[in-house]
Amino acid sequence: MAIRVTQSMMTRGFLLNLNAGMQRMDKLQERLYTGKQINRLSDDPLNLQSLLRIDTTQNETEQYMENLNYMMGVHAATEQALNNVIDVVSHVRTLMIKALNDTNTFDERSVIAAEIASLMEHLLDVGNTEYSGTFVFAGTDINHRPLHPIIYDIDIPGYEISDEANREARIMEIGNDVILKFNLNIFDVFGDDVDDPNGEANTLAVFRRIVESLQNDDWEAMNDAFIEISDEFFRINHLRSEYGTLDARFRASHTRHFNNLTTLTDLRNRVEDTDMAGAIMYLKTQETVYRTALETGARLLPPSLVDYLR
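Presented here is a report on the structure given in the accompanying data block. Each residue is numbered by its place in its chain's sequence as written, counting from 1. At least 70 in pLDDT is required for a residue's local features to be given in this predicted model, at least 80 for side-chain atom pairs to be given and counted, and no such filter applies to totals for whole chains, interfaces and linings, which use all residues. Side-chain metrics rest on all non-hydrogen atoms present in the structure, leaving aside hydrogens and water.

**Considering the packing of helix 3 (residues 106–127) against helix 5 (residues 203–215)**
Moving on, step 1. Helix axes are fitted to C-alpha atoms over the stretch in contact, other axes to C-alpha atoms as well, and angles between N-to-C directions run from 0 to 180 degrees. The helix and strand labels rest on DSSP assignments: H or I over at least four residues marks a helix, E over at least two residues marks a strand, and numbering proceeds from the N terminus. Where helix 3 meets helix 5, the closest approach of the two axes is 8 Å, and the angle between their N-to-C directions is 160°. Of the possible angle classes, the one that applies to helix 3 and helix 5 is roughly antiparallel. In this structure, helix 3 crosses over helix 5, and the sense of that crossing is left-handed. Residues Phe106, Arg109, Ile112, Ala113, Ile116, Ala117, Leu119, Met120, Leu123 and Leu124 of helix 3 pack against Thr203, Leu204, Phe207, Arg208, Ile210, Val211, Leu214 and Gln215 of helix 5.
Moving on, step 2. Note on residue categories: nonpolar means Ala, Val, Leu, Ile, Met, Phe, Trp, Tyr, Cys or Pro, charged means Asp, Glu, Lys or Arg, and polar means any other residue, Gly included. Residues of the contact of helix 3 with helix 5, tallied by class, amount to 14 nonpolar, 2 polar and 2 charged. To sort the angles, those under 35 degrees are grouped as roughly parallel, those over 145 as roughly antiparallel, those from 65 to 115 as roughly perpendicular, and the leftovers as oblique. Handedness of each helix crossing follows the sense of rotation of the near helix against the far helix: counterclockwise by less than a right angle gives left-handed, clockwise gives right-handed. The contact rule is simple, with two residues in contact once any of their heavy atoms fall within 4.5 Å.

Written as structure tokens, this is what we have:
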């Protein structure tokens, strides 16, 4: 059965098709202008879900890298502090070997005692090492200095352990369910008995006993103190070696996250970015189609009866 086609039907169909072509060109122009394939939710719902997952993974990876950057900064500050402690303790061992030489007089040993007392003050400063405005050896209470210098003896520096200083581990997440400890506390560095001024496992107490033995010219005490400072030297050196192994873990994790972030960025660009060459070619094609449609419509749409009645 034949269908009667009226002029209004042809006009309406022509305008609908012409508008559809204009919409396609408008969308292409928007993609070229923004450089993005997806500018609103309705553009590509399927790929939009992929972009959301990529965004979530990217944000997590960037946070892991920020955590690692902070941990590496604390690690570097801690290693430098440990190196300072090792250098000081090593120098004190050398001074003690010199002091135990029979050729030295009491006055010469007194000078050595004063130098070691000065080095003890330096160790107190090292114990309060800061990174980014926080104290690296204070445990989890990083806003309070762990050591407070006090007047213990006119010739020997003294100190008190802060009530806030603790042995708690500082941890951060460096991967999905991967948590790592990255700090040392004041008890790790100077010994478990650092809160006891007379403690045996206390580097600072050993320094004080060294100074006292030199001031009193006590040979037996000097020998005992030399053995103690040697033990502390090897203990801290071992601690530095163990802690130094964290650097390799930090760098390996950082490199892995950096590579993942690069892969995610490339994947996002492939999904989201406009293929400029292809889009321009398609736009030119649509322009040609649009112009052809205008020319065809102008020829095929006949004049109305009103035009003849004029």
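Once you've had a look at it, read on.
**Regarding the side chain of Thr203**
Moving on, step 1. In this structure, Thr203 sits in helix 5.
Moving on, step 2. For Thr203, a relative accessible area of 0% gives the class buried.
Moving on, step 3. Residue contacts for Thr203: discarding those within four places in its chain leaves Val89, Leu123, Val189, Phe190, Glu232, Arg235 and Ile236. Throughout, exposure labels follow a simple rule: accessible area from a 1.4 Å probe, protein chains only, divided by the maximum for the residue type, with under 20% read as buried, over 50% as exposed, and the rest as partly exposed.

**Some points on the packing of helix 5 against helix 6 (residues 219–244)**
Moving on, step 1. With their axes 9 Å apart at the nearest point, helix 5 and helix 6 run at an angle of 155° to one another. As far as their axial angle goes, helix 6 and helix 5 are roughly antiparallel. Here the hand of the crossing between helix 5 and helix 6 comes out left-handed. Note on element contacts: helix 6 touches helix 5 through Ala221, Met222, Ala225, Glu228, Ile229, Glu232, Arg235 and Ile236, opposite Thr203, Val206, Phe207, Arg209, Ile210, Ser213 and Leu214.
Moving on, step 2. Along the lines of polarity and charge, the residues of the contact of helix 5 with helix 6 split into 9 nonpolar, 2 polar and 4 charged.

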